[in-house]
Amino acid sequence: MKIFFLFTFSTFFWSPFEQAAASVHYDKILTHSRIRARDQGQNVCALQQVMGTKKKYFSTCRNWYQGAICGKKATVLYECCPGYMKMDGMRGCPAVAPIDHVYGTLGIVGATSTQHYSDISKLRGELEGRGSFTFFAPSSEAWEQLNSEIHRNLIDNVNIELYSALHHHMVNKRMLTKDLKNGMTLVSMYNDQKLLINHYPNGVVTVNCARVIYGNQIATNGVVHVIDRVLTAVGNTIQDFIEVEDDLSSLRAAAITSDVLDILGKPGHYTLFAPTNEAFERLPRGLLERIMGDKVASEALVKFHILNTLQCSEAITGGAAYETLEGNTVEVGCDGESLTVNGVKMVKRKDIVTSNGVIHLIDEVLIPDSAKQVTELGGAQQTTFTDLMIQLGLASSLRPEGQYTLLVPLNGAFSDDTLRMDQRRLKTILQNHIINVKVGLNELYNGQELETIGGKLLRVFLYRTAVCIENSCMVRGSKEGRNGFIHILRQIINPAEKTLHEMLRNDKRFSVFLSLVKAADLDDVLSQPGKWTLFVPTNDAFKGLTDDDKDILIRDKNALRNILLYHLTQGVFIGSGFEPGVTNILKTIQGGKLYLKTVNDTLLINELKSRESDLMATNGVIHVIDKLLYPADLPVGNDQLLTILKKLIKYIQIKFVRGSAFKEIPLTFYSPEIKYTRITAGGSDNEEKLKKLLEDEVTKVTKFIEGDGHLLEDEEIKRLLQGAGTEYTKVTKVIEGEPQIIEREIKKVHLEEAPVRKEQPTRRTQGGTARRRTRLAYP
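Keep in mind that this is a model prediction, so the values were computed, not measured.

**Student:** Teacher, can you tell me more about the pattern of salt bridges here?
**Tutor:** Opposite charge on two side chains lets them pair, provided their charged atoms get close. Taken as a whole and judged by the stated rule, the model has 34 salt bridges. Lys345 is paired through a salt bridge with Asp335; the nearest N and O atoms lie 3.6 Å apart. Remark: Asp335 occurs in strand 17 (residues 329–335) and Lys345 occurs in strand 19 (residues 344–345); sequence separation between them is ten residues. Of the residues examined, Asp335 reaches a relative accessible area of 28% and is grouped as partly exposed. Of the charged contacts in the structure, one is a salt bridge between Asp507 and Arg509, with a shortest N-O distance of 2.9 Å. Sharing partners across several salt bridges, the network here consists of Lys55, Arg211, Glu314 and Glu337.

**Student:** Would you mind showing me how to read the side chain of Ser140 here?
**Tutor:** Among the secondary structure elements, Ser140 is positioned in helix 7 (residues 140–145). Given a relative accessible area of 14%, Ser140 falls into the buried group. At 3.2 Å, the side chain of Ser140 forms a polar contact with the side chain of Thr112. Beyond its immediate chain neighbours, meaning those up to four positions away, Ser140 contacts Gly110, Ala111, Thr112 and Ser113.

**Student:** Even after reading the chapter, I still don't get the environment of Thr309, so can you show me in this structure?
**Tutor:** Summarising the element assignment, Thr309 is placed in the loop between strand 15 (306–307) and strand 16 (320–323). Separated by 37 residues in sequence, Thr309 and Leu272 have C-alpha atoms that sit 9.6 Å apart. Not counting chain neighbours up to four residues away, the residues in contact with Thr309 comprise His269, Tyr270, Thr271 and Tyr322.

**Student:** I would appreciate a short explanation of the state of the cysteines in the present structure.
**Tutor:** Put plainly, two cysteines are in a disulfide when a covalent bond ties their sulfur atoms together. Applying the stated criterion to the full structure yields five disulfides. Through a disulfide, Cys45 is tied to Cys81; the S-S separation comes to 1.9 Å. Across the disulfide from Cys45 to Cys81, rotation about the S-S bond amounts to roughly 105°, and the bridge is consequently right-handed. A residue pair is termed long-range when its members are at least 10 positions apart, and Cys45 in strand 1 (residues 44–50) and Cys81 in the loop between strand 4 (72–80) and strand 5 (84–85) qualify at 36 residues. Its relative accessible area of 0% is what places Cys45 among the buried residues.

Calculation notes
- Note on numbering: residues in each chain are counted from 1, in written sequence order.
- Where totals are concerned, whole chains, interfaces and linings use all residues; where local detail is concerned, this predicted model gives features only for residues with pLDDT of at least 70, and gives and counts side-chain atom pairs only at 80 or more.
- With hydrogens and water stripped out, all remaining heavy atoms of the structure feed into the side-chain values.
- We define a salt bridge as a contact between a side-chain nitrogen of Lys or Arg and a carboxyl oxygen of Asp or Glu at a distance within 4 Å.
- Strands are runs of DSSP state E lasting at least two residues, helices are runs of H or I lasting at least four, and both sets are numbered from the N terminus onward.
- Categorising residues by exposure relies on relative accessible area from a 1.4 Å probe, with only protein chains included: less than 20% of the type maximum marks a residue as buried, more than 50% marks it as exposed, and the intermediate range marks it as partly exposed.
- Polar contacts here mean pairs of N or O atoms no more than 3.5 Å apart (in protein, one a potential hydrogen donor and the other a potential acceptor; neighbouring residues in sequence count only if both atoms are side-chain atoms).
- The contact criterion used is simple: two residues touch if any of their non-hydrogen atoms lie within 4.5 Å.
- Any two cysteine sulfur atoms within 2.5 Å of one another count as a disulfide.

Any link to function would need more than the numbers given here.
So this is what it looks like as structure tokens:
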């Protein structure tokens, strides 16, 4: 009957606690452990034990599927879940563990050393008596790991020291793991000493950074949680510890200089990664002096070592990023028994618990980006650029108090040929990557122009998944330093120097395409300011094209324009700006669609490979192809033209619909700009100046409606003005007299709308003499 009552009481007593515990991390992890072990029988939990150690964990999914904890292989164990026990001959753990007072429960959970010390210190009577206690009981292994001198002093004075130490592990009320909230502070039964509780998302519960390894063993007068270390008293703040610790004098000086030390004396739950004096001594002297002489940088340095959360070493079972007081994050992880910071083993001593947090001593100084000069922000993949900056004297020219943006190509962007260049040319290339203002990633926008220290203007192109500067697109890794930003780029930036038309004209590979552009009266489109993407076939695309074929094409201007304008799209589209593996649809000026995709860093246009991408022009970009593009849905109605196109285009089937005609494409897709040029001259060289201007800028003048004067009698000027074309149609008036003022109006075709800016003609000239005015204007 007694046994039945004990079983019933324990079942009744445990059930409500078990149900209420379902909403907290420890209990959730325990539930997952039950699920993983369901094939082993009732009430069995699966644990992971780190190989070569006695450390066991109820694991997170991440650790479980990795089969490792802190990077070390872990084996799987199956044990009875807390509160249950095996029965002979039965599978799993079908029986509820017997319930007893706290003293008896210490034996049930295997905390036999704590039970023994409770006996010899005369604490047993209290643990067997009336009350409601929480006992954080050190395991037997925890007592073995205790400092031998401390251990000996406790044993030598059991009635006071050992008794007090055990009381420090007790709270005068029952607290299950569900009640142990993260960041809470409990008062122990010894001298009202604080017990700092942390309850982490991975299910780890700590008290003064000791991990609960077996929780919620219910007793008739309380609950027992087994922990992995013996607790020591906590009294001082982090500030107090820094002020008295000799090995932290350098950190103390930095914290005082930056006014951060007082923060560490206030209530809170901080984690301090405290660099030792030796760590500071390893820093380059100039670097440390610069940071310490800059209050903003020194404050950033110290705050970068402080987390606003309390992270005990036992709670860290894998890497995670934590925000510092400086604002950026550090990666805190573990490697076996060692803590790591940003992937480096640097923690010399762990878990110095204070009243407002925990301290881990480290042997390296963590320098945040915000305390670095912009030239110090480069990582291992940007060393070529940063080394060249130093060698060419550019790094020293950037003032600490200045504001800069570095556009840094990856090491692989620098070919051997580039590195063998003349140093002056190499310096110019690097200057094209340095901006004179501080521009963050979120401040960049499409169409923005950035001026380099060399005076070049770089254009910004913003796409759905990419930001590009001229021909080079960014990769992840932008950083902000004390005096600027650094953005990482895939390629060396090649600022545009020539228009699309000039680039075609200067490259013999494109001579056939350019001749067709001229025949279609489209060369002005490629010469004027604008934003275009041009897909240019090389001469290889026109193999087999005879002179007669070419003449047929040229005679049908509508057909020719349809074909050529299918190669032109509005907007500048950089090859590496396209999202990889995804089809991008661009509408051409002809009206058809182009289908672009990047695969393995190769640009495909209608499934045709681009042989060379991202040739930057001042008014757009060129992608080189070796096939003529043609819209698959555009029919041909002329037998001769069909024959010609079939010679050139073999990768698609061209539709033939007899009698169909190509639509006319008027040149209304770009906007004209009126340019006014004024010349004032009073000598015989006036005619020469006019000739030069006409040679440089006037291209199409057909007739004079009115006008006279001796300038127009000059045969050379007449020849220049009477060039073929249809754009300039009127010369308005000539007023006799000297000196002469010639005002000329020229239509400039450009590729985007721009306001017309007119210069006011000079009203008076020196000496008040009569004026001669010649004006070219539109009808």
